[in-house]
2 protein chains.
Amino acid sequence: MAPKTRIADVAAAAGVSTATVSRALSAPGVVGPETLKKVMAAVEATGYRVNAAARDLRRQRARSILVLAPNLANTFFSRIIAAIQEVAGQAGLAVQISDSRAGPEVLQSLGHDGRADGIILLDGALPPEVVRGWRLPVVQLCEWNDAYALPALGIDNAAAAGLAVTHLADLGHGAILHVAGPPENVLSRTREAGFLAAARARGVAARVLPGDFTMASGAQAARDWQAMADRPSAVFTASDECAFGFISECARMGIAVPSEVSVVGFDDVEFAGHFIPPLTTIHQPRAKLGRAAAERLVAALEEGVPLKSGHETIAPHLVVRGTTAAAG
Amino acid sequence: MAPKTRIADVAAAAGVSTATVSRALSAPGVVGPETLKKVMAAVEATGYRVNAAARDLRRQRARSILVLAPNLANTFFSRIIAAIQEVAGQAGLAVQISDSRAGPEVLQSLGHDGRADGIILLDGALPPEVVRGWRLPVVQLCEWNDAYALPALGIDNAAAAGLAVTHLADLGHGAILHVAGPPENVLSRTREAGFLAAARARGVAARVLPGDFTMASGAQAARDWQAMADRPSAVFTASDECAFGFISECARMGIAVPSEVSVVGFDDVEFAGHFIPPLTTIHQPRAKLGRAAAERLVAALEEGVPLKSGHETIAPHLVVRGTTAAAG
DNA sequence: CGGCGCAATGTAATCGATTACATCACCCTT
DNA sequence: AAGGGTGATGTAATCGATTACATTGCGCCG
């Protein structure tokens, strides 16, 4: 009925001033118990809800955080965002999401229009000048970019690649092929570097084929691999999707996994455990990552805990399933 | 550098009044060309960005829509949300997401705090009194609830079930098992009803087992089906996940799909086409649904186009892949 | 040449909540 | 009994942008 009730309406109904209503709602301890009761009754009666815009304006806070991700449709992000929303929601902060591939001006204003108090950035490929122009606390998650000079959180990608190499070497594979991700991506580069370092350390032969994280690039890699003179007996791909593509193409070519070739993926996406055969892969704790990033940002925002600068990594682990076996 | 520049700063820099700056930015046509140039230069020089809270307060608009979904981690929603964000972003509206499983008070205020101008609701299981209490335009998407008395948009679930039945009957299957979804869910009920009606119309025997959309319930259904005296040769599940569970369990029991049993899923999730064998399933055009809902809401918000009440359905279609074959 | 109309700009009220500061009542101490 | 403290409440300034209304200056018409 009442289209909008303002704090003044509540004050009138309760027979007190607006200041008292405001205090009753945000600091119940400082108003008298009698008054508190009256105010609460009036709030109930009028169906009052604070106007967020007015409060935000006065408080110079939006009680909201912004999550920026490239390609929101990517299922990799959904669990992360869910975890962020959970933590933020508990702290009473709203979560706004936006595609980080929007134009620079749009991105620029996102950090300046006062709609958000902080940003969680899941993209390492934005123009540094835009990112550095933001005057808000920002946490980089999963991907990062040193040019931003911002705190970052993610798994240790190099160590993760090492886990894959160790696992395969332990199974007796003397040569391993890595299907890399797009070269402009930090994650790709770190994983590839980690792979090469671990292979060298372990004394196994290393080969690398280009890729771009997609299923199609995995299938292409399978064909290229099949045509090699001396095929490595094990493959480590830069993403699960790529591994799926590789394995599917092998199936099409009549090559059995894992008996003829072992495959290790990266990410442990929802589906990895249900693929046939279930995929051995590096697990990225997405919920934990989302939660950790949100907790840090919320702490910075609510309690003024400064964000630790520099990289913080979470240890990944390998999930051994059905796509790896001892070398024949 | 400048921690925050207000419109007054720009006005001072340009030597005009704040009113002129405001007009230059929001209605460039009404200020003189000279003045416009000066203002723009001043905006550039000071790095001014409007303060969204102040503008929202004054305009009584938030330029933001809220998407409410149960379980944001569910990958089914990510593509829908991406499409919503795309449409909203083009219209200059922010997208806020929240878990619809939050407490009633939280939900209540979401519709009243002035942070959002409209809501896209992906959940049909919220308390009707909360939903009806919102004084904002709301569009229900995918799921719906008649008690809300709100416009709804989704695929025609009954017709979709009919497509599955027709396909299987055409392949010569004389009996079909339906693994249903949770009975409290409208989608489950509509799909089941559509299934039964189509089976009756087509003259094929229909059986139903309970389920809840999950992979585990699909696996359980497979075991129950395996134990049946006269097993139907075809299965239609209420979700893709359920179909994956059914098929995986069949594989474990040594039953081949599709030669020994045909399976049709529902949703056409990202992974359906890459499952082995690729899943025959009902395709839900998620991007299209998200876009359509967002377009309607944006039109209602921006141009005052009233929301059509009642259900609006989009025709689904069947994607035939590798889990269905002619009855043996 | 006086006045009307129009275009450009300025002045100040407004959106709704928060909060610094002022006020008041009451009690306690000396 | 005067003075000082304490706790509860009211008054009014404030956050920053928008916009109704007022003002100014100029050209044009009769």
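Residues numbered from 1 in each chain as written. Chains lettered and ligands numbered in written order. Predicted model: local features only at pLDDT ≥ 70, side-chain atom pairs only at ≥ 80, totals over all residues. Heavy atoms only, no water.

### Points about the pairing of strand β5 (residues 152-155) of chain B
Residues and elements named next belong to chain B. Of the pairings in the sheet, the one linking strand β4 (residues 138-141) to β5 comprises 2 bridges and is parallel in character. Bridging from a neighbouring strand, Gln 140 pairs with Ala 152 of β5. In terms of strand pairing, β5 meets strand β11 (residues 311-314) through 4 bridges, oriented parallel. Pairing of Leu 153 across the sheet is with Glu 312, part of β11. (Pairing = 2+ DSSP bridges. Helix = DSSP H or I, 4+ residues; strand = E, 2+ residues; numbered from the N terminus.)

### Points about the protein's contact with DNA strand D
Surrounding DNA strand D, one finds 27 residues, the nearest of these being Thr 20 and Thr 35 of chain A together with Ile 7, Tyr 48 and Arg 58 of chain B. Each atom of DNA strand D within 4 Å of the protein belongs either to a base or to sugar and phosphate, the latter forming 62%. A distance of 2.6 Å is found between a phosphate oxygen of DNA strand D and a side-chain nitrogen or oxygen belonging to Thr 20 of chain A. Within the side chain of Arg 23 of chain A, one N or O atom sits 2.9 Å away from a base nitrogen of DNA strand D. Those elements that provide at least two residues to the surface near DNA strand D are α2 (18-26) and α4 (52-59) of chain A together with α2 (18-26) and α4 (52-59) of chain B. A per-class count over the surface near DNA strand D returns 10 nonpolar, 9 polar and 8 charged. (Near = heavy atom within 4 Å. Polar contact = N/O pair within 3.5 Å; in protein donor to acceptor, adjacent residues only side chain to side chain. Nonpolar A, V, L, I, M, F, W, Y, C, P; charged D, E, K, R; others polar.)

### Observations regarding the protein's contact with DNA strand C
In the region of DNA strand C, 27 residues are neighbours, and Ile 7, Tyr 48 and Arg 58 of chain A together with Thr 20 and Thr 35 of chain B sit closest. Each atom of DNA strand C within 4 Å of the protein was classed as base or backbone; sugar and phosphate made up 62%. The contact in question runs from a phosphate oxygen of DNA strand C to an N or O atom on the backbone of Asn 51 of chain A, over 3.5 Å. One of the side-chain N or O atoms of Arg 23 of chain B is found 2.9 Å from a base nitrogen in DNA strand C. Elements represented by at least two residues in the surface near DNA strand C include exactly α2 and α4 of chain A together with α2 and α4 of chain B. Residues that form the surface near DNA strand C fall into these classes: 10 nonpolar, 9 polar and 8 charged.

### Comments concerning the sheet that holds β11 of chain B
Reading across the sheet, the 12 strands line up as β11(A)-β5(A)-β4(A)-β3(A)-β1(A)-β2(A)-β2(B)-β1(B)-β3(B)-β4(B)-β5(B)-β11(B) and stay open at both edges, with mixed pairing between neighbours. On the outer flanks of this sheet lie β11 (311-314) of chain A together with β11 of chain B, each paired with one strand and no other. Mean inter-strand twist for the sheet, computed between neighbouring axes without regard to direction, equals 25°. Sheet topology places strand β3 (residues 118-121) of chain A next to strand β4 (residues 138-141) of chain A; 3 bridges connect them, and they run parallel. Pairing of Leu 121 of chain A across the sheet is with Gln 140 of chain A, part of β4 of chain A. (Axes fitted to C-alpha atoms, helices over the stretch in contact; angles between N-to-C directions.)

### Here's the deal with the pattern of salt bridges
All names here are of chain B. Throughout the structure, instances matching the rule amount to 28 salt bridges over all chains. For the salt bridge of Arg 61 with Asp 117, the shortest nitrogen-to-oxygen distance reads 3.3 Å. On the criterion of sequence distance, the pair formed by Arg 61 in the loop between α4 and β1 (64-69) and Asp 117 in the loop between α6 (104-110) and β3 (118-121) is long-range, its members being 56 residues apart. (Salt bridge = Lys/Arg side-chain N within 4 Å of Asp/Glu carboxyl O.)

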